[in-house]
Amino acid sequence: SGAPIFDADGVFAGYRGTGRDRSDSVEAEERAANANARLVATIAALKQREAEVAEKSALLQATLDNMHQGVLVNDASARVVMWNNRFLEMNGIPPDAIHVGMDAVDLVRAAAANGEYGEGDVDEIARRRVAEMRSGAAAKIRLRPDGSVVEHHVNRMPGGMVIRTYTDITALKRREREIEETGKLLRATLDNMDQGIMVLDAEGKVRMWNERVVEQY
């Protein structure tokens, strides 16, 4: 900026004032603008990455929730990492009673509070069940209060991660009981027959007989 200057005769002689070179200021502004642009680009990339991770996580959860088996994943400290709806259903745990990072004792306590492990002190039941789970002594098959039967398998991963799967084997157990009862009925029928009966397989090996055939021999 400057003010006009005139000589003694009143003739314009020029301007007097101060000035500055704006090149440094312009470069600084450009550097700041570039830095802001890079920051915005980084934030946008992170947001996109978060969206991709969220999408994959939602897809994984949907896949888990559509499995017939119950699934529970614990970390090396027995804290909850992931689960599906079938796990909650097979263990009598309300959906609002579980969260990521939950300790195993608290999770088992939630199931025990709903009578999943029978009557008794809930805290004592939870401590005992968790101790059995960690030692590998927990029962692999459990009869639930509603009469259904659940089979529990454990898969220990490198780094201490534990994947637990729960399968409803009620129909299988029912079929096994039916076969056992049919076998008992067949045995009782054979042993009450007047004729001696012996059953051989294709290789001539004895597969079945009754008491009458033993008496006759």
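This text goes with the structure placed above it.
This one's a predicted model, so the numbers in the text were calculated from it and none came from an experiment.

Caption draft 1: Representation of the overall build of the protein chain within the structure. Secondary structure assignment for the protein chain yields six helices and nine strands. Counting the 217 residues in the protein chain, one finds 23% classified as buried. Long-range pairs, those at least 24 residues apart, make up 25% of the contacts in the protein chain with a sequence separation of at least 6. Counting every atom, the protein chain has about 15,200 Å² of accessible surface; 55% of that belongs to carbon and sulfur.

Caption draft 2: Here's a closer look at a nonpolar patch on the surface. Together, Met 198, Leu 200, Val 206, Trp 209 and Val 214 make up a nonpolar patch on the protein surface, roughly 440 Å² of accessible area in all. Elements with a contribution of two residues or more to the nonpolar patch: strand E8 (198-200) and strand E9 (206-209). Residue placement: Val 206 occurs in strand E9. On the basis of relative accessibility, which here comes to 41%, the residue Val 206 falls in the partly exposed class.

Caption draft 3: Structural detail: the packing of helix H3 (residues 104-113) against helix H4 (residues 122-135). Here H3 crosses H4 at 125 degrees, and the two axes come no closer than 8 Å. One element, H3, and the other, H4, form an angle in the oblique class. Between H3 and H4 lies a crossing whose hand is right-handed. Between H3 and H4, the contacting residues are Ala 104, Val 105, Val 108, Arg 109, Ala 112 and Ala 113 on the first element and Val 122, Asp 123, Ile 125, Ala 126, Arg 129, Val 130 and Met 133 on the second. Each residue belonging to the contact of H3 with H4 can be placed in one class, and the counts come to 10 nonpolar, no polar and three charged.

Caption draft 4: Main features of unusual backbone geometry. Despite not being glycine, Ala 78 has its phi angle at roughly 65 degrees, a positive value. In this structure, Ala 78 sits in the loop between strand E3 (70-74) and strand E4 (80-83). Exposure remark for Ala 78: the relative accessible area of 15% places this residue in the buried category.

Caption draft 5: Focus on the sheet that holds E3. The strand order across the open sheet built from five strands is E4-E3-E7-E6-E5, with neighbouring strands paired in antiparallel fashion. In this open sheet, the two edge strands, each paired with only one partner strand, are E4 and strand E5 (141-143). Pairwise comparison of adjacent strand axes, ignoring direction, gives a mean angle of 20 degrees for this sheet.

Caption draft 6: Here's a closer look at the packing of aromatic side chains. Going through the model one piece at a time under the given rule, you end up with one aromatic pair. Ring centres of Phe 87 and Tyr 166 lie 5.3 Å apart, and the angle between their planes is 55 degrees; on these two criteria the pair is classed as tilted. A residue pair is termed long-range when its members are at least 10 positions apart, and Phe 87 in helix H2 (residues 85-90) and Tyr 166 in strand E7 (residues 162-168) qualify at 79 residues. Here Tyr 166 falls in the buried class, since its relative accessible area comes to 7%.

Caption draft 7: Inspection of the side chain of Asn 91 at higher detail. Position of Asn 91 relative to the elements: it lies in the loop between H2 and H3. Asn 91 gets classed as buried once you look at its relative accessible area, which sits at 4%. A distance of 2.9 Å separates a polar atom in the side chain of Asn 91 from the backbone oxygen of Phe 87. Setting aside chain neighbours within four positions, we find Asn 91 in contact with Ala 111, Glu 116, Tyr 117, Arg 142, Arg 144 and Tyr 166.

Caption draft 8: Broad picture of the pattern of salt bridges. Counted under the stated rule, the structure contains 14 salt bridges. When the shortest N-O distance is used, the salt bridge between Asp 106 and Arg 109 registers 2.5 Å. Taken as a pair, Asp 106 and Arg 109 lie in helix H3 at a separation of three residues, close to a single helical turn. The class of Arg 109 is partly exposed, set by a relative accessible area of 26%. Arg 142 serves as the salt-bridge partner of Glu 116, at 2.9 Å between the closest nitrogen and oxygen. With a gap of 26 residues between them, Glu 116 in the loop between H3 and H4 and Arg 142 in strand E5 connect regions that are remote in the sequence.

About the criteria used
Residues numbered from 1 in each chain as written. Predicted model: local features only at pLDDT ≥ 70, side-chain atom pairs only at ≥ 80, totals over all residues. Heavy atoms only, no water. Helix = DSSP H or I, 4+ residues; strand = E, 2+ residues; numbered from the N terminus. Buried < 20%, exposed > 50% of the residue type's maximum accessible area, 1.4 Å probe, protein only. Contact = heavy atoms within 4.5 Å. Areas by Shrake-Rupley, 256 points an atom, 1.4 Å probe, with all protein chains shown as cover. Patch = residues over 30% accessible without salt bridge, like charges linked within 9 Å, V, L, I, M, F, W, Y side chains within 5 Å. Salt bridge = Lys/Arg side-chain N within 4 Å of Asp/Glu carboxyl O. Axes fitted to C-alpha atoms, helices over the stretch in contact; angles between N-to-C directions. Parallel < 35°, antiparallel > 145°, perpendicular 65-115°, else oblique. Left-handed = near helix turned anticlockwise from the far one by under 90°. Nonpolar A, V, L, I, M, F, W, Y, C, P; charged D, E, K, R; others polar. Pairing = 2+ DSSP bridges. Phe/Tyr/Trp six-rings, centres within 6.5 Å; stacked < 30°, edge-to-face > 60°. Polar contact = N/O pair within 3.5 Å; in protein donor to acceptor, adjacent residues only side chain to side chain.

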